[in-house]
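# Reading the structure
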Amino acid sequence: MAAAQSTTSNDDEIDLNALLGTLLDHKWLIIVVTAVFCVLSVAYAILATPIYQANAMVQVEQKVPDLPGLSAISQTLGASSSEATTEIAIITSRSVISKAVDKLNLNVVVTPHRFPLIGNFMARRYSPAQPGDVASPWLGLSRDDWGGSKLDVFQLDVPNGLLGKHLTLIAGEHGAYTVLDDDDNLLLRGQVGQVAKGHGVTMQVKTLAANPGMRFDVVRNRDLTTVSDLAQKINASEQGKDSGIIALTYDNADPQLATDVLDQVEQAYVRQNVDRNSAQAANSLQFVKEQMPIVREKLEKAQAALNAFQTKAHSVDITLQTKGLLDQIVAVETSIQQLDMQKADMERRFTKDHPAYKALMQQIGQLQAQKAGMEKQVGSLPDTQQELLRLTRDVQVSDSTYTGLLNQAQQLEIARAGTVGNVRVVDTAAVDVTHPVKPKKAIIVLGGTFLGGFLAIAFIFLRQMLNRGVEDPADIEQLGLPVYASIPQSDKERDISLRGTHQHGDGRQHLLAVTDPADLATEALRSLRTSLHFARLEAKNNLLMISGSSPGAGKTFVSANLAAVIAQAGQKVLLIDADMRKGSQHKVLGGRAENGLSELISGQLELAAAIRPVTGLDSLHFIARGKVPPNPSELLMHSGFTALLKQLMPLYDLIIVDTPPILAVTDAAVIGHHAGTSLLVVRFGLNQAREIALAKQRFEQNGVEIKGAIFNAVEKRSAGYYSYGYYEYKTAK
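A brief look at the structure comes next. (Residues numbered from 1 in each chain as written. Predicted model: local features only at pLDDT ≥ 70, side-chain atom pairs only at ≥ 80, totals over all residues. Heavy atoms only, no water.)

## Considering the sheet that holds strand S18 (residues 654–658)
Working definition: the strands of a sheet are paired by backbone hydrogen bonds and lie parallel or antiparallel to each other. Worth spelling out the cut-off: Strand pairing is assigned whenever DSSP detects at least two bridges linking the two strands. Helix numbers and strand numbers start at the N terminus; a helix is a DSSP run of H or I with at least 4 residues, a strand a run of E with at least 2. Axis definition: a line fit to C-alpha positions, over the contact stretch in the case of helices; interaxial angles, taken between N-to-C directions, run 0 to 180 degrees. A contact between two residues is defined here by any heavy atoms of the two lying within 4.5 Å.
Pairing within the open sheet is mixed, and its eight strands lie in the order S13-S20-S19-S14-S18-S15-S17-S16. Looking at strand neighbours, the two that pair on one side only are strand S13 (483–488) and strand S16 (612–614), the edges of this open sheet. Sheet twist, expressed as the mean angle between neighbouring strand axes with direction ignored, is 25°. Two elements, strand S19 (residues 677–683) and strand S20 (residues 708–714), share five bridges in a ladder whose sense is parallel. When the bridges of S20 are listed, Leu 680 appears paired with Ala 709. In this fold helix H19 (residues 555–568) packs onto S13, strand S14 (543–548), strand S15 (573–577), strand S17 (617–623), S18, S19 and S20, with an angle of close to 170° to the strand it touches most, S18. Along the sheet, helix H24 (residues 639–648) contacts S14, S15, S17 and S18; its crossing angle with S15, the most-contacted strand, is approximately 165°.

## Focus on the pairing of S13
Worth spelling out the cut-off: To sort residues, take the accessible area from a 1.4 Å probe on protein chains only and compare it with the maximum for the residue type: under 20% means buried, over 50% means exposed, and anything in between is partly exposed.
Buried residues dominate S13, accounting for six of its six residues. Of the strand pairs in this sheet, S13 and S20 are connected by four bridges, and their pairing is parallel. The residue bridging Ser 486 from the neighbouring strand is Phe 711, located in S20.

## Section: H19
Put simply, the test is: Multiplying 1.5 Å by the residue count of a helix minus one yields the expected span of that helix.
Across its 14 residues, H19 extends 20 Å between first and last C-alpha, which sits within 8% of the 20 Å expected from 1.5 Å per residue. Burial analysis of H19 places 13 of its 14 residues in the buried class, the great majority of the element. Just downstream of H19 lies Gly 570, where phi reads positive at about 105°.

## Overview of unusual backbone geometry
Phi is mostly negative for residues that are not glycine, and the peptide bonds are mostly trans. Cis geometry marks the peptide bond from Lys 438 to Pro 439, where omega comes out at -5°. Positive phi, normally seen in glycine, also occurs at His 174, with a value near 55°. Phi at Asn 595 is positive, roughly 60°, even though this residue is not glycine. Along the chain, the position of Asn 595 falls in the loop between helix H20 (585–589) and helix H21 (597–601). Residue Asn 595 is classed as partly exposed on the basis of its relative accessible area, which comes to 44%.

## Quick look at the layout of surface pockets
Leftover empty space is mapped by rolling, across the atoms, a probe with the size of a water molecule. Note the cut-off: Using a grid of 1 Å spacing that covers the protein atoms alone, one calls a set of points a cavity when a 1.4 Å probe fits there but cannot get out, and a pocket when the set is open and has protein on both sides within 12 Å along at least five of seven lines; lining residues are those with an atom within 4 Å of a point. Grid points are joined across faces, edges and corners, and a volume is the space filled by probe spheres set on the points. The residue classification treats Ala, Val, Leu, Ile, Met, Phe, Trp, Tyr, Cys and Pro as nonpolar and Asp, Glu, Lys and Arg as charged. All others, Gly included, are polar.
Taken as a whole, the largest pocket encloses approximately 1800 Å³ of empty space. Residue lining of the largest pocket: 42 residues in total, with Val 110, Pro 112, Asn 252, Asp 254 and Leu 257 positioned closest to the centre. The residue inventory of the lining of the largest pocket, partitioned by class, reads 19 nonpolar, 12 polar and 11 charged.

Spelled out as structure tokens, the structure:
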């Protein structure tokens, strides 16, 4: 139980040494991919069209109150905090943006046709000798713009079906042009400066500078589409809390267009602000003029009543104490009258649930409470002083209110004239053409390089996760299969495979054990020869079956070269290619596939004619697969095959049978019943643990015991089994 827990704990741990070793094994892949991404990033940073940013700034000032007392209400509501937010929404509104769109004719988008990838770069680098010059076409590509081309469309009206569609304008000789639709159908022919019509399209070109045959892509967008797109691209933000300073930015590849757009937006915004203030002032002025005769009449009545009382009382004067109380009452009463007028104006525009109306009523209530307290003090005065104070108060309050209305009327007259607003342009639009905001070249190069390295590493680890082929003999032994030998990957054998000798066959011998006896793979096969010597001591016969779980494991290579090294040790060996479907031993040992095992079993060939000697190895003989039969499994189950094996066993010290993969066909299970020893070839990084376990289970289900495994094509790793498993040890020359 403790051992199981330890194994689980070890599986959950991250082996940093193994991860580092994996990266070192694939270092060239990482380096190449990272270098490619770095080059592509540099190319993009150089070739990408620079984007410039226009900047502007406006200030939103506090509005002049329409009526006396409004500023106090605004402060009570904290209206200044939301004023900038409101103005930002107005700046990017359709009513403002649409004026800039109409002024600059932004509904018409003109794009010169340029060569892919390098066309924009070449056009930017072109410097005309004279204003209006156009770059000559490169390599005769006159349909592309190489610099200096210009098309200014003054008017373009199209049917609804062509709105948003790409039209092609082809420049001609002497200011002539042709317009095609997106299906290359002719729409109209025109001349610069003249109105051209055709197929419902009306067009007037103001300026055209291009080589004959050059093409422009022209799109007439819908008004709402253009306005919405431009509103999203213009950024407006308040600089500091409650500062009233709004910064505007707009990005575009054309710095002049970016400046013009922001300028037009600023001008449209200022104009609409003035118009809005003028309209509000006119509305308020009408109300003020309606109130002025009423207040003046009240003032005249108050003055007449005061004069009559003083005449009757023989010019009674107000005492010093009463004078102070009078000033307080006049101030409060004046404020109440001003707020009453504001209340009347608000009742025309807002409901009683509006926050401004509620704040106004709250202020009126507070002033009424102060007034009630002062009237109690007035009640303690003599009757004459009370009457005189009341009449004097009425005169002063009416006079103050009337004077305030006169002043307010003058301010509203000025505002109504439309010459002032509460916003002003602080900074006009400007662009720094020496520092484009995009692309950020350093960030792109560094980011692209990092991305390349990251993707390469991610690909390596992902491939390793998905291809869980065994890479350690311990993984095979955990399945109950002892590993008899680990055969390293042979560069010499790989060269033979690359030359195509295994694929096509040239009739000659290609045994690694003969070609390069000192190769590490050959040394590993000699180690396998020694292991087999002891493993076969208890075997029932001298028949050795070598199979694999799936194609590509290398059983043909192992069988042929193992037979060679055993023959080199002086034993008499017979190699039988029992893969009658796709057997390829004849390509390794030389000769043709015909006249082999299939003919022997079917009785079409004598044994002496089927056994072939192997050049250079007197103790090794070979039986090829023969012609491909329609029923290989039935042939192997035929009594003739059993009789053949019994006839051959006394003649050789060892018979090696190369069989098809067990998971592909059942041939190996049939042959395994006759074999005294059975081995399974497992290829490094190819065969998965589940696949090996399934192959072992398939043999056991058929009553065949697999003695062990041969770990083939083991690759050198920076961290892992092969990093310390083999060392080259050659004979000194």
